[in-house]
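If you want the building blocks of each chain, they are given just below.
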2 protein chains.
Amino acid sequence: MRLRRLLEVVGIDDDKTRVATIFDVARLAGVSHQTVSRVLNDLPNVRPATRQRVEKAITALNYRPSPAARALVTRRSRTIGLITTGGPDYGPSSAVLHFNEAARSSRYAVSMASMLSSDPDSLRSAVELLLRQNVEAIVLIAAHRGALDTVQGIELGVPLIAVDSSGRAGFHSVAIDQYRGARAAVAHLAGLGHTRILHLAGPADSTDALERVRGWRDELAERGLEAAQPMVGDWSPASGFAFGTALAERGGALDFTAVFAGNDQMALGLVHALTAHGFAVPADVSVIGFDDIPESAYFAPPLTTMRQDFDSLGRDILFTLLAVLADEESSGVPPMVPELVIRSSTAPPPVPSPTSGPDVGAADVGRRARR
Amino acid sequence: MRLRRLLEVVGIDDDKTRVATIFDVARLAGVSHQTVSRVLNDLPNVRPATRQRVEKAITALNYRPSPAARALVTRRSRTIGLITTGGPDYGPSSAVLHFNEAARSSRYAVSMASMLSSDPDSLRSAVELLLRQNVEAIVLIAAHRGALDTVQGIELGVPLIAVDSSGRAGFHSVAIDQYRGARAAVAHLAGLGHTRILHLAGPADSTDALERVRGWRDELAERGLEAAQPMVGDWSPASGFAFGTALAERGGALDFTAVFAGNDQMALGLVHALTAHGFAVPADVSVIGFDDIPESAYFAPPLTTMRQDFDSLGRDILFTLLAVLADEESSGVPPMVPELVIRSSTAPPPVPSPTSGPDVGAADVGRRARR
DNA sequence: ACGATCTGTACCAGATGCGAC
DNA sequence: AGTCGCATCTGGTACAGATCG
């Protein structure tokens, strides 16, 4: 170290790998190091000519300020912490991806802490890890409702931006309006003439799932339709399949003509179980999903569903984040509402049979048992 | 600042939000900050009693060392840079997730830079962003072959670990053996009796896709079977659908009995197009996919496919990363090989018709036009 | 004299208040 | 008043030196 310094003074630098510092730039530009600092931070009181010289020196040396040194003194890192809970699902993954791209284009680094589960302890340690890195904000994209609770329970010291559709307070939220999406889904079904519309809900620890249940219930109520107890799955096609099987094997005729599934995967499993038991979709029962994952257009039958714009969601997260950091009192981005995508899994109900309990329907087209 | 220091000396600290520093710990423990540093870094020559006192002070003050300060002086950040290219697909997303969890449990932070496309310029700027953060290594999980090229072309100064199945040199790679997976897929088809096995390949800029093509070709060759020109899609169900449609509308009878699809999504689109044109899967044509995404077990019919263990892949990335950082001359983790998952989309070929150009097969079970 | 233990000081690479031209 | 430089600060690590039995 001492030797290098010495050599440097004499104009000899033996360490080829060393990166340029603000001092090197200053020396080359013939100014003091903090004049360089002024130029770097766009502060006033620097003569244009001086600024030019400094800038030339900067490019000449390919100088880049050290984030570590900067973070140390400013206590801000220009990085934001991103916490996700839940598996590699299309929606969250998409949002994360677009959020990350947007953040980078705003010259923010993002430090990621993702976890399959959402147990409070690991969540807490993840938050601590991020906090120690001097993240300027924390973004939470959680599949589990509990995650938001525990993160809110931690003294963060930095703003928290969370994807949340429940309208809870205490943090900055950005959302897609699950409630309205659910109502639109049910409205579509009801508009086709369905009166007995079941709901295959997502897990109870999901805010989105709860909001969709609420929307389903309210839309039904507004139309004077009855809401049976919703089935609650876990978002997986397997759970959709399980409930589909249960429904199909309940014995006798089906006592419903349509199902609003909490997401496309469960819809897939449901449809699979139904058709395996000889019920045709949509001839016997209509099924609508939620999300519009890329696959759903090619399901058999192509799935009618509610599209969520996850790309915009990701960008909106950054947008509100930037606003919050700039201390703007903006009310945030208004929630987007999912868009109905009509494909082939929904149709009018089979027969307007007011008689209770018709035996297995007559439409045999497309029915066959599998395996 | 000066005021605070003064108050501090008098024992009054007015800034409640200030976090404890190593000096605070030292003062409380009655030692020098340097001694504190020693216990922090598990260095020798600290009396057990002293160590105890320091540790007590640390917990009392809830002290956590500042990564910024540490990074500044050590020039290592304990964070690793993660670059991903491509969309929110199940495989990469899964791997990223598990990698991140593993990294965190090894007390490494990960700074993420994901991008949909892989154009050299944004890739380069992403790498620069990471490098400036003093990441200790860069992990690349790229859908596009070109991404690896351009990243390799950059003077990183830190190790590069990339997911790559081609066996290229110049970086540390961790992989799933796509070649063997492809051979196994074709072997399964051939074992069923198929002799005319098409391949619906992934895009040419994907190493994985190329390896699968190679495996398909080699397995066919070894069995004395002919390899038609592969179709090349883009991983999307839409592209699978397009090729399925083209095949079905080629006129006359099908000149193949099985298709090896490059991934499950394309297989889905393909099956969809085939069945829409009245061809039954697997009665008329067998289809095998690749990846085993969670949905594929519930496709119609449930898809036979090659399962890749993305979870382990993610963990393996961290494992080799750790080995590289520790400068171990380990040869890395051996590539895993995908596992055949037999479901219902593959079966023996329809009829052992050696006569060329049989007209539309006789098996009508399960055939119907959709829409 | 000497090894174990601990302290003092320089240093990392920037930002910032204050004073000087 | 507008430009610019000196000194000091951020929170750690590293190395040399001091103390002590």
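Remember, it's a predicted structure, so these values are computed and weren't measured experimentally. Residue numbers here run from 1 along each chain, matching the order of that chain's written sequence. As a convention, the first chain written is A and the first ligand written is 1, with the rest following in written order. Selection of residues for local features in this predicted model requires a pLDDT of at least 70, selection of side-chain atom pairs for listing and counting requires 80 or more, and totals for whole chains, interfaces and linings are taken over all residues. To get the side-chain values, take all heavy atoms of the structure and skip hydrogens and water.

Turning next to the nonpolar core. The nonpolar core is taken to be a set of buried Ala, Val, Leu, Ile, Met, Phe, Trp, Tyr and Cys residues, with the residues joined through side-chain atoms within 4.5 Å. For every residue, the accessible area obtained with a 1.4 Å probe (protein chains only) is divided by the maximum for its type, and the residue is called buried under 20%, exposed over 50%, and partly exposed between those limits. Ranked by size, the top nonpolar core spans 50 residues in total, and within it Leu-274 and Val-287 of chain A together with Leu-274 and Val-287 of chain B carry the most contacts. Where this core is concerned, the elements lending two or more residues are strand 6 (197–201), helix 11 (237–248), strand 8 (258–261) and helix 12 (264–276) of chain A together with strand 6 (197–201), helix 11 (237–248), strand 8 (258–261) and helix 12 (264–276) of chain B. Not counting residues within four places of it along the chain, the set of residues in contact with Val-287 of chain A comprises Val-259, Ala-267, Leu-270, Val-271, Leu-274, Val-281, Leu-303, Thr-304, Ser-345 and Thr-346 of chain A. Among the nonpolar cores identified, the runner-up in size contains 44 residues, and Ile-80 and Val-96 of chain A together with Ile-141 and Met-336 of chain B belong to it. Per the convention used, a helix needs a DSSP run of H or I reaching at least four residues, while a strand needs a run of E reaching at least two, with both numbered from the N terminus. Any pair of residues with heavy atoms lying within 4.5 Å of one another is described as a contacting pair.

All names here are of chain A. Positionally, Ala-283 belongs in the loop between helix 12 and strand 9 (286–288). For Ala-283, a relative accessible area of 37% translates into the label partly exposed. On a C-alpha basis, the gap between Ala-283 and Thr-85 in space is 38 Å, while along the polypeptide they are 198 residues apart.

A few words now on helix 4 (residues 48–61) of chain B. Residues and elements named next belong to chain B. With 14 residues, helix 4 extends 20 Å between its outermost C-alpha atoms, agreeing within 8% with the 20 Å of an ideal straight helix rising 1.5 Å per residue. Every buried residue of helix 4 is listed here: Thr-50, Arg-51, Val-54, Ala-57 and Ile-58. Angular distribution of buried residues about the axis of helix 4 spans 125°; they occupy a single face of the element. Pointing more than 90 degrees away from the buried face of helix 4 are the exposed residues Pro-48, Ala-49, Gln-52, Lys-56, Thr-59 and Ala-60. Where helix 4 is buried, its residues contact helix 2 (22–29) and helix 3 (33–40). Trailing helix 4 by a residue or two, Asn-62 shows a phi angle of about 55°, which is positive. A helix's residues, less one, multiplied by 1.5 Å, set its expected span. Note that the arc is defined by the directions from the helix axis to the C-beta atoms.

This part covers the protein's contact with DNA strand D. Proximity is defined per residue: if any heavy atom of the residue lies within 4 Å of a molecule or strand, that residue is considered near it. The full set close to DNA strand D counts 30 residues, and Thr-35, Arg-38, Thr-50 and Arg-75 of chain A together with Ser-37 of chain B are the nearest of them. Of everything in DNA strand D that lies within 4 Å of the protein, sugar and phosphate atoms constitute 61%. The contact in question runs from a base nitrogen of DNA strand D to an N or O atom on the side chain of Gln-34 of chain B, over 2.8 Å. Pairs of N or O atoms are called polar contacts if they sit within 3.5 Å, as long as, within protein, a hydrogen donor faces a hydrogen acceptor (for residues adjacent in sequence, only side-chain-to-side-chain pairs). Contact between DNA strand D and Arg-70 of chain B: a phosphate oxygen at 3.0 Å from a side-chain N or O atom of the residue. Within the residue set of the surface near DNA strand D, elements represented by two or more residues are helix 3 (33–40) and helix 5 (67–74) of chain A together with helix 1 (2–9), helix 3 and helix 5 (67–74) of chain B. In terms of residue count, the dominant contributor to the surface near DNA strand D is helix 5 of chain B (five residues). Under the grouping applied here, Gly and all other residues not named as nonpolar or charged are polar, the nonpolar ones being Ala, Val, Leu, Ile, Met, Phe, Trp, Tyr, Cys and Pro and the charged ones Asp, Glu, Lys and Arg. Across the surface near DNA strand D, the residue classes tally to ten nonpolar, 13 polar and seven charged.

Glancing now at the relation of the copies chain A and chain B. Copy one and copy two of the chain differ by a rotation about a common axis and a shift along it. Least-squares superposition aligns the copies on the C-alpha atoms of those residues with pLDDT at or above 70 in both. Its rotation angle being 180°, the transformation that places chain A on chain B also includes 0.1 Å of axial translation and leaves an RMSD of 0.1 Å. This pairing of chains is accounted for by a two-fold axis. For chain A, the smallest separation between a C-alpha atom and the rotation axis is recorded for Ser-111 of chain A, amounting to 2.1 Å. A share of 100% of the interface residues of chain A reappears at the interface of chain B, consistent with the copies meeting face to face through the same patch.

Residue and element names in this part refer to chain A. Between 30 and 60 degrees the pair is tilted, below 30 it is stacked and above 60 it is edge-to-face, where a pair is any two Phe, Tyr or Trp rings, Trp via its six-membered ring, whose centres lie within 6.5 Å. Enumeration according to the criterion identifies seven aromatic pairs over all chains in this entry. Summarising the aromatic geometry, the rings of Tyr-90 and Phe-310 are spaced 5.9 Å apart at their centres and angled 90° between planes, so their arrangement reads as edge-to-face. With a gap of 220 residues between them, Tyr-90 in helix 6 (residues 90–105) and Phe-310 in helix 13 (residues 310–325) connect regions that are remote in the sequence. The class of Tyr-90 is partly exposed, set by a relative accessible area of 24%.

All names here are of chain B. Lines are fitted to the C-alpha atoms to define the axes, a helix being fitted only along its stretch in contact, and any angle between axes, read from their N-to-C directions, falls within 0 to 180 degrees. The interhelical angle for the contact between helix 6 (residues 90–105) and helix 13 (residues 310–325), taken along N-to-C directions, is 45°, at an axis separation of 7 Å. Overall, the two elements helix 6 and helix 13 adopt an arrangement that is oblique. Viewed along their axes, helix 6 and helix 13 form a crossing whose handedness is right-handed. Here Tyr-90, Gly-91, Ser-94, Ala-95, His-98, Phe-99, Ala-102 and Ala-103 of helix 6 come into contact with helix 13, specifically with Phe-310, Asp-311, Leu-313, Gly-314, Arg-315, Ile-317, Leu-318 and Leu-321. Residues of the contact of helix 6 with helix 13, tallied by class, amount to ten nonpolar, four polar and two charged. Oblique is the label for any angle not under 35 degrees, not over 145, and not in the 65 to 115 range, which are roughly parallel, roughly antiparallel and roughly perpendicular in turn. Handedness of a crossing follows from how the near helix is turned relative to the far one, being left-handed for an anticlockwise turn of less than a right angle and right-handed for a clockwise one.

With that out of the way, let us pick up the sheet that holds strand 7 (residues 231–232) of chain A. In any sheet, the strands associate via hydrogen bonds between backbone groups, in a parallel or an antiparallel arrangement. All names here are of chain A. If DSSP finds at least two bridges between two strands, the strands pair. With parallel pairing, four strands are arranged side by side in an open sheet as 7-6-8-9. With partners counted over all chains shown, the strands left at the sheet margins are strand 7 and strand 9, one partner each. Alignment of strand 6 against strand 8, held across four bridges, turns out to be parallel. Bridge pairing in strand 8 links Ile-197 to Ala-258. Strands in contact with helix 10 (residues 207–222) are strand 6 and strand 8; relative to strand 6, the strand with the most contacts, it is inclined by about 170°.

Everything listed here is a matter of geometry and, on its own, says nothing about what the molecule does.
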